[in-house]
Amino acid sequence: MGRVLEGKVAVVTGAGRGIGRAHAIKLAEQGAKVVVNDLGSSLDGADAATGPADDVVEEIRQAGGEAIANTNSVATAEGGEAIIKSAIDAFGGLDILVNNAGNYRPRMIFNMTAEDFDAVVKVHLYGHFNCISAASKAFRAQRGGRIINTASEAWLGEAAVSNYGAAKAGIVGLTRVVARDLGKYGVTCNCICPRASTRMTDALSFGESVDRSALDSELAALKPDAISPLVIFLASQQAANVNGHVFLAYGGTISLFSAPQPERTIFKEGGWSVDELMEAAPKSLTADVVNPAPGQPAKVKA
Ligand SMILES: NC(=O)c1ccc[n+]([C@@H]2O[C@H](COP(=O)([O-])OP(=O)(O)OC[C@H]3O[C@@H](n4cnc5c(N)ncnc54)[C@H](O)[C@@H]3O)[C@@H](O)[C@H]2O)c1
């Protein structure tokens, strides 16, 4: 098979490091001209630097590919517009948008400030919206395009990341709705939940119960570039029928998530009284349901 994306134009956000860097390099290898967007921020989203985006552009050019750097933030509407415009100005159009940029500010919910919550939702959820919104106008006019979003298994529930998990759940919902908004224009919108060793996973905190060294060696084996072939597939013509889906990808594993369905239902004509529901629910609706974080006795401080 020749190069799958010959002549296509792609934007990858947060492509200066980690998983986004791997996507940008793989897209260029497959013949795409790439806008390497990265604010160059620290993990919590503070600061900015041009180095990460410039370095990846240089790497792509050294390998014979075409790329330009862009350092706008995805977190504002103006940033999203400027990122998409940079592709159109430099390469004459846009075919593929890979939303990947992300920051990370884990805290238990009782320590989570509104600022921490806002900063993460702004980069992840608004970051996706800002770039999709800007790209959708070009995609609609040309009746074609590919959007590949980045969620996380955190949307299914993970401790200490209410900001991140909420944003990622929002990205899943955004993906499924945008798929329906733009499908008729020949556009697809899908979402990946990746697992790969990056500076973000270096910062993961799973609490005292987890063997950190075992986890670190498991994670070290998961290379960012193992995710990128799925991005290429979703960006290709072969995936024209794949729209509004969520994938899990790590190492050699790629899974398609099912859409959540009602699992058990109880029904009573005329509705339930409190007494009736208190009686019926534990016997059927919530029978055998397991609490993922059962209560524990308070720790006695020495
Ligand atoms: N690494 C994993 O196992 C894992 C798991 C689940 C989800 N993810 C998701 O994958 C994506 C990439 O994460 P990573 O692990 O490669 O992290 P990373 O920190 O290595 O890379 C993220 C990049 O995004 C850039 N960025 C941050 N804020 C930005 C902004 N406002 N505008 C533009 N760029 C910005 C950063 O400068 C950084 O280079 C993120 O969306 C993350 O949530 C990663």
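Just above sits the structure.
Presented here is a report on the structure given in the accompanying data block. (Residues numbered from 1 in each chain as written. Predicted model: local features only at pLDDT ≥ 70, side-chain atom pairs only at ≥ 80, totals over all residues.)

1. As for the overall build of the protein
Scanning the protein from terminus to terminus reveals 9 helices and 8 strands. Rg of the C-alpha trace for the protein: 21 Å, near the compact-globule value of 19 Å for 302 residues, within the 12% margin. Dimensions of the protein, computed from the C-alpha atoms along their principal axes, are close to 65 × 55 × 40 Å. Among the 302 residues that make up the protein, the fraction classed as buried is 42%. (Helix = DSSP H or I, 4+ residues; strand = E, 2+ residues; numbered from the N terminus. Rg over C-alpha atoms; globule rule 2.2 N^0.38 Å. Buried ≥ 20, exposed ≤ 12 C-beta atoms within 10 Å, placed from the backbone.)

2. Concerning the nonpolar core
Of all hydrophobic cores here, the largest spans 73 residues; its most connected members are V11, A24, V34 and V36. At 9 residues, helix α4 (residues 114-142) tops the list of elements feeding residues into this core. Ignoring anything within four residues of it in the chain, the contact list for V36 reads V12, A15, G16, A24, A53, V56, V57, A67, A69 and N70. (Core = buried A, V, L, I, M, F, W, Y, C linked by C-beta atoms within 7 Å. Contact = placed C-beta atoms within 7 Å.)

3. So, the site of the ligand
Taken together, 33 residues lie around the ligand, and G14, G18, G102, S152 and T198 are the ones closest in. Counting only elements with at least two residues in the shell around the ligand, the list comes to α1 (18-29), α4 and α6 (199-202). Taken together, the residues of the shell around the ligand sort by class into 11 nonpolar, 18 polar and 4 charged. (Near = placed C-beta within 6 Å. Nonpolar A, V, L, I, M, F, W, Y, C, P; charged D, E, K, R; others polar.)

4. Looking at the pairing of strand β5 (residues 145-150)
With respect to burial, β5 is a largely interior element, 6 of its 6 residues being buried. Residues G145, I147 and N149 line one face of β5 and the alternating positions R146, I148 and T150 line the opposite face, and both faces are buried. Alignment of strand β4 (residues 96-98) against β5, held across 3 bridges, turns out to be parallel. Bridging across to β5, L97 finds its partner in I147. Regarding the hand of the β-α-β motif, the stretch spanning β4, α4 and β5 is right-handed. Pairing analysis gives 6 bridges linking β5 to strand β6 (residues 187-194), with the strands arranged parallel. In the sheet register, T150 faces β6, and the bridge partner there is I192. Between the parallel elements β5 and β6, the chain passes through helix α5 (residues 162-182) in a crossover that is right-handed. (Pairing = 2+ DSSP bridges. Right-handed = clockwise from strand over helix to strand, strands pointing away.)

5. Concerning α5
Compared with the 30 Å implied by 1.5 Å per residue over 21 residues, the 30 Å span of α5 between its first and last C-alpha is a close match. Within α5, burial applies to N163, Y164, G165, A167, K168, I171, V172, L174, T175, V178 and L182. The inward-facing, buried residues of α5 contact α4, β5, β6 and β7 (246-250). (Expected span 1.5 Å × (residues − 1).)

6. Some points on the packing of α1 against helix α2 (residues 51-62)
At a minimum axis distance of 10 Å, the contact between α1 and α2 shows a crossing angle of 25°. Taken together, the axes of α1 and α2 are roughly parallel relative to one another. Crossing handedness for the pair α1 and α2: right-handed. In this structure, α1 contributes R21, A24, I25 and A28 to the contact, and α2 contributes V56, E59 and I60. Grouping the amino acids of the contact of α1 with α2 by side-chain chemistry returns 5 nonpolar, no polar and 2 charged. (Axes fitted to C-alpha atoms, helices over the stretch in contact; angles between N-to-C directions. Parallel < 35°, antiparallel > 145°, perpendicular 65-115°, else oblique. Left-handed = near helix turned anticlockwise from the far one by under 90°.)

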